[in-house]
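Working through the structure, step by step
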Amino acid sequence: GMPKAPDPVLSPRRQTRQIKVGAVGVGSESPISVQSMTTTPTTDINSTLQQIAELTAAGCDIVRVACPSQDDADALPAIAAKSPIPVIADIHFQPKYVYAAIDAGCAAVRVNPGNIRKFDDQIAEISRRAEAAGVSIRIGVNAGSLDKRLLEKYGKATPEAMVESAVWEASLFEEHGFRDFKISVKHNDPVTMVRAYELLAERGDWPLHLGVTEAGPALQGTVKSATAFGALLSRGIGDTIRVSLSAPPVEEVKVGTHILQSLGLRPRKLEIVSCPSCGRAQVDVYKLADEVTAGLEGMEVPLRVAVMGCVVNGPGEAREADLGVASGNGKGQIFVKGEVIKTVPESQIVESLIEEAMRIAEEMGEP
Ligand code: SF4
């Protein structure tokens with residue numbers, strides 16, 4: 001199960017209706033979940049399951065797979081059955097794949113109202129079948145594929161245009177008595193995206209799936225997503241998140257997890273507090289921080305480890321952490337819970353920190 005969020009957070013969650021994506025709750029009663037999307041061809045069942053396993057290990061809660069053809073639809077039953085986390089089928093253009101995904105045992109289906117034209121006629125049928133199968137839906141509006149009618153009305157994918165598309169689609173499902181859906185209104189510009197979600201949040205109690213679409217390569221995408229999600233999540237808006245990067249999906253999960261941890265919305269495991277280094281540094285701080293991070297990666301206990309380059313701020317920060325080192329004069333003072341427990345030569349700093357971290361983890365009962 002997903003860990004509960006620690007206190008304190010910046011704002012209480014916006015109250016939403018609660019839905020299920022398989023075993024994962026999405027809505028204000030549940031912790032904010034992290035999603036990603038596989039990059040393997042969905043037809044390649046083994047590679048897709050392998051990638052889902054990697055995403056799961058990285059902390060992904062829900063995974064989405066593309067379903068652009070009948071061959072992809074045919075692969076869904078095996079993927080849905082063997083995936084350790086709920087699978088959402090991503091459907092554009094063809095309502096028949098929505099039915100295939102429901103029959104395949106997918107936990108949810110993402111539909112794009114801008115891309116499925118004959119869709120409105122079929123909402124009654126989709127609602128009936130989804131309801132019967134316990135499948136939830138995401139209405140996924142995307143700036144790049146906005147409904148043509150709204151594009152003409154607004155001139156471009158403005159926040160108002162995206163929200164109008166989403167609210168229209170939501171009303172169609174609700175007219176048919178179907179309420180188990182969440183909504184996204186993704187745009188590649190964080191400011192437009194934030195405004196769109198703010199407007200959408202005022203229009204109904206739907207759970208919201210946050211995303212900055214086509215956010216870019218790793219650095220740019222990380223900053224855009226962190227900025228936009230931070231603006232919304234800090235005010236309680238957002239129930240599940242997907243970071244989009246032009247990078248392997250495991251990176252998306254790591255970034256998403258870090259965003260939630262930074263906002264106090266997901267408990268931290270390992271946190272490395274390392275200084276930026278400066279002209280006073282007496283060790284190679286970057287190398288030391290990288291080595292300590294690598295050595296402690298995968299630790300399941302919450303541990304704050306300070307890696308400091310000199311004795312100016314070093315001892316102070318190292319004392320605040322569970323474990324830390326303040327370096328100087330070719331040596332490192334190793335701190336545990338605020339006490340200097342030993343001073344070791346520089347060459348032994350990393351192994352000493354790892355050794356102490358393991359000991360603390362064991363004491364906490366979760367090696
Ligand atoms: Fe510079 Fe020392 Fe601060 Fe690191 S801890 S940034 S080396 S003053």
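Residues numbered from 1 in each chain as written. Predicted model: local features only at pLDDT ≥ 70, side-chain atom pairs only at ≥ 80, totals over all residues. Heavy atoms only, no water.

As recorded in an unreviewed UniProt entry, the protein chain goes by 4-hydroxy-3-methylbut-2-en-1-yl diphosphate synthase (flavodoxin) and comes from Marihabitans asiaticum. Per its UniProt entry, the protein chain bears the Sequence similarities (unreviewed entry) comment "Belongs to the IspG family." Turning to the protein chain, the UniProt record has this under Catalytic activity (unreviewed entry): "(2E)-4-hydroxy-3-methylbut-2-enyl diphosphate + oxidized [flavodoxin] + H2O + 2 H(+) = 2-C-methyl-D-erythritol 2,4-cyclic diphosphate + reduced [flavodoxin]". (UniProt positions renumbered as here; feature names shortened; annotations may be inferred.)

With that settled, consider the packing of helix α2 (residues 70-82) against helix α3 (residues 95-103). Viewed as axis vectors pointing N to C, α2 and α3 meet at an angle of 15°, and their least axial separation amounts to 9 Å. Judged by the inter-axis angle, α2 sits roughly parallel to α3. Where α2 crosses over α3, the handedness of that crossing is right-handed. Of the residues in α3, those in contact with Q70, A73 and L76 of α2 are K96, Y97, A100 and A101. For the contact of α2 with α3, the per-class residue count stands at 5 nonpolar, 1 polar and 1 charged. (Axes fitted to C-alpha atoms, helices over the stretch in contact; angles between N-to-C directions. Helix = DSSP H or I, 4+ residues; strand = E, 2+ residues; numbered from the N terminus. Parallel < 35°, antiparallel > 145°, perpendicular 65-115°, else oblique. Left-handed = near helix turned anticlockwise from the far one by under 90°. Contact = heavy atoms within 4.5 Å. Nonpolar A, V, L, I, M, F, W, Y, C, P; charged D, E, K, R; others polar.)

Here we take up the sheet that holds strand β4 (residues 62-66). In spatial order, the strands read β8-β7-β6-β5-β4-β3-β10-β9; together these 8 strands make up an open sheet with parallel pairing. In the strand order of this sheet, the two ends are held by β8 (181-186) and β9 (209-210), each with one partner. The pairing of strand β3 (residues 33-37) with β4 spans 3 bridges and is classified as parallel. Within the sheet, the bridge partner assigned to M37 lies in β4 and is R64. (Pairing = 2+ DSSP bridges.)

On to the pairing of strand β7 (residues 136-142). The element β7 is extensively covered by neighbouring structure, given that 7 of its 7 residues are classed as buried. Because side chains alternate across β7, one face comprises the buried residues S136, R138, G140 and N142, and the other comprises I137, I139 and V141, equally buried. Summarising the sheet, strand β6 (residues 108-111) and β7 pair through 4 bridges and their orientation is parallel. Considered in β7, the bridge of V109 is made with I137. Direction of pairing for β7 relative to β8: parallel, over a ladder of 6 bridges. Within the sheet, the bridge partner assigned to R138 lies in β8 and is K182. (Buried < 20%, exposed > 50% of the residue type's maximum accessible area, 1.4 Å probe, protein only.)

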